[in-house]
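A structural walkthrough
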There are 2 protein chains.
Amino acid sequence: MKLSVRGEYALRALLVLGLNYGDHVVRIQTISDDQKIPKRFLEQILNDLKSAGIVESKRGLAGGYRLARHPRDITLAAVVRHIEGALAPVSCVSERYYEKCSCPDETRCPIRNVMKEVREAVVKIVERVTVAELCERAQRLKEEPLSALDYII
Amino acid sequence: MKLSVRGEYALRALLVLGLNYGDHVVRIQTISDDQKIPKRFLEQILNDLKSAGIVESKRGLAGGYRLARHPRDITLAAVVRHIEGALAPVSCVSERYYEKCSCPDETRCPIRNVMKEVREAVVKIVERVTVAELCERAQRLKEEPLSALDYII
DNA sequence: TAGAATCTCTACTGTTTCACTCAAGTTTAT
DNA sequence: ATAAACTTGAGTGAAACAGTAGAGATTCTA
Ligand code: FES
Ligand code: FES
């Protein structure tokens, strides 16, 4: 998995929406200002997340975006898969974006074998972490920014 | 970590060199034929690996490439880092290719926090797996291709 | 010592992706 | 009515990707 700027923006926008989860809606402008994301670009991204059913929008004056589901039900895996595509380091080990690579024999490829492990390790993390957990971590980091290193493992 | 075709080719070439580890040298043409890699492209890649001290070459007739170190001393991490750059999913959590991202406050960023875990998980694997292990896996897969799934973990 | 096979080095090229930007349109609160 | 918001689709400049090409240097062998 490699996150493009687009993917990073998507996660940051969802973090803002997660922190403001409730009835009301958040304007693009607010997210853009808060996270320093180019507004027109962010429009695209949120629209994209909408088509994935991750966020929903309200139009017109006093319009904006909100999460379409509870933060606890939105995994990073779902978001990244929609924005970036495969989580796997090579396409031949991807479950949902499988493409065979140029290896002569895929079934006996030791590289594929290792990459499968890498994929599993990544998936295990991003499928467990939700927007809700992102919010909790934001809270914890806000209170004790110096202990940041404790959360690595 | 996302492997480009270039990176995949590099690993496959090293696998061949690992399987043929010894005194003699292997021609580009041989690797190219064996692994179905465009020859001129492979030249570039092997040259690149040479500048990293991963392989060494012999010129002239009966020239070719060999591993510069014992297969057991060449980790996938070293190879991928040289060919692709950072292993981390975002630059702000990379140890050797660090670049700060556009987040307002890096020290309190929960996304960074999660991505650190992802990075650790990936590094843990690719820093442990060597070319030698790749060769052993190739051997095992050759003998029992049907048990491939057992190695996923 | 000529020649062929091999690596070396630099440069080029066409395609795709990335990160935006723009314009024009639709919806809705006031 | 109007302005502030989302919607849609297109456009753009730069960079990365996956090669390709050519001229040169080295070394074995005949
Ligand atoms: S089969 Fe995909 S890397 Fe070998
Ligand atoms: S600091 Fe890099 S993702 Fe937030």
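Provided above is the structure to which this section pertains.
The following refers to the structure shown. Since the structure is predicted, the reported quantities are computational estimates derived from the model, not experimental observations. (Residues numbered from 1 in each chain as written. Chains lettered and ligands numbered in written order. Predicted model: local features only at pLDDT ≥ 70, side-chain atom pairs only at ≥ 80, totals over all residues. Heavy atoms only, no water.)

In the case of a regular strand, side chains alternate between the two sheet surfaces. All names here are of chain A. Two strands pair when backbone bridges link them, and strand 1 (residues 55-58) and strand 2 (residues 64-67) are joined in this way by four bridges, in the antiparallel orientation. Its bridge partner being in strand 2, Val-55 is matched across the sheet by Leu-67. Taken together, strand 1 and the strand that follows it, strand 2, pair antiparallel across an intervening segment of five residues, in which Gly-60 is found at a positive phi of about 75°. (Pairing = 2+ DSSP bridges. Helix = DSSP H or I, 4+ residues; strand = E, 2+ residues; numbered from the N terminus.)

In this section: the nonpolar core. Among soluble globular proteins, nonpolar side chains are generally buried collectively. Membership of the largest hydrophobic core comes to 100 residues, with the highest contact counts inside it found for Leu49(A), Met115(A), Leu49(B) and Met115(B). Contacts of Leu49(B), omitting those with residues within four sequence positions, involve Ala10(B), Leu14(B), Ile54(B), Val55(B), Val79(B) and Ile83(B). (Core = buried A, V, L, I, M, F, W, Y, C linked by side-chain atoms within 4.5 Å. Buried < 20%, exposed > 50% of the residue type's maximum accessible area, 1.4 Å probe, protein only. Contact = heavy atoms within 4.5 Å.)

What follows is about helix 6 (residues 131-143) of chain B. The first and last C-alpha atoms of helix 6 of chain B sit 19 Å apart over 13 residues, in line with the 18 Å expected at 1.5 Å per residue. Taken together, the buried positions of helix 6 of chain B are occupied by Val131(B), Ala132(B), Glu133(B), Leu134(B), Cys135(B), Arg137(B), Ala138(B) and Leu141(B). Contact partners of the buried residues in helix 6 of chain B: helix 5 (110-126) of chain A together with helix 1 (5-19), strand 2 (64-67) and helix 4 (76-84) of chain B. (Expected span 1.5 Å × (residues − 1).)

With 47 residues of chain B at the interface, the matching set in chain A holds 47 residues. Summing both sides of the interface, chain B and chain A together bury roughly 4300 Å²; the carbon and sulfur share of this comes to 67%. Together, Arg108(B), Ile111(B) and Glu117(B) form the three largest contributors to the area buried by chain B at its contact with chain A, with a combined 13%. With its nearest N and O atoms 2.8 Å apart, the salt bridge here joins Arg137(B) to Glu117(A). Between the two partners, chain B and chain A, sit nine residue pairs in polar contact (both at pLDDT 80 or more). Of all elements in the fold, only helix 1, helix 2 (28-35), helix 5 (110-126) and helix 6 of chain B reach the threshold of two or more residues within the side of chain B that touches chain A. The element that contributes the greatest number of residues to the side of chain B that touches chain A is helix 5 of chain B, accounting for 13 residues. Residues belonging to the side of chain B that touches chain A are distributed by class as follows: 32 nonpolar, four polar and eleven charged. (Buried area = accessible area lost by both parts, 1.4 Å probe. Salt bridge = Lys/Arg side-chain N within 4 Å of Asp/Glu carboxyl O. Polar contact = N/O pair within 3.5 Å; in protein donor to acceptor, adjacent residues only side chain to side chain. Nonpolar A, V, L, I, M, F, W, Y, C, P; charged D, E, K, R; others polar.)

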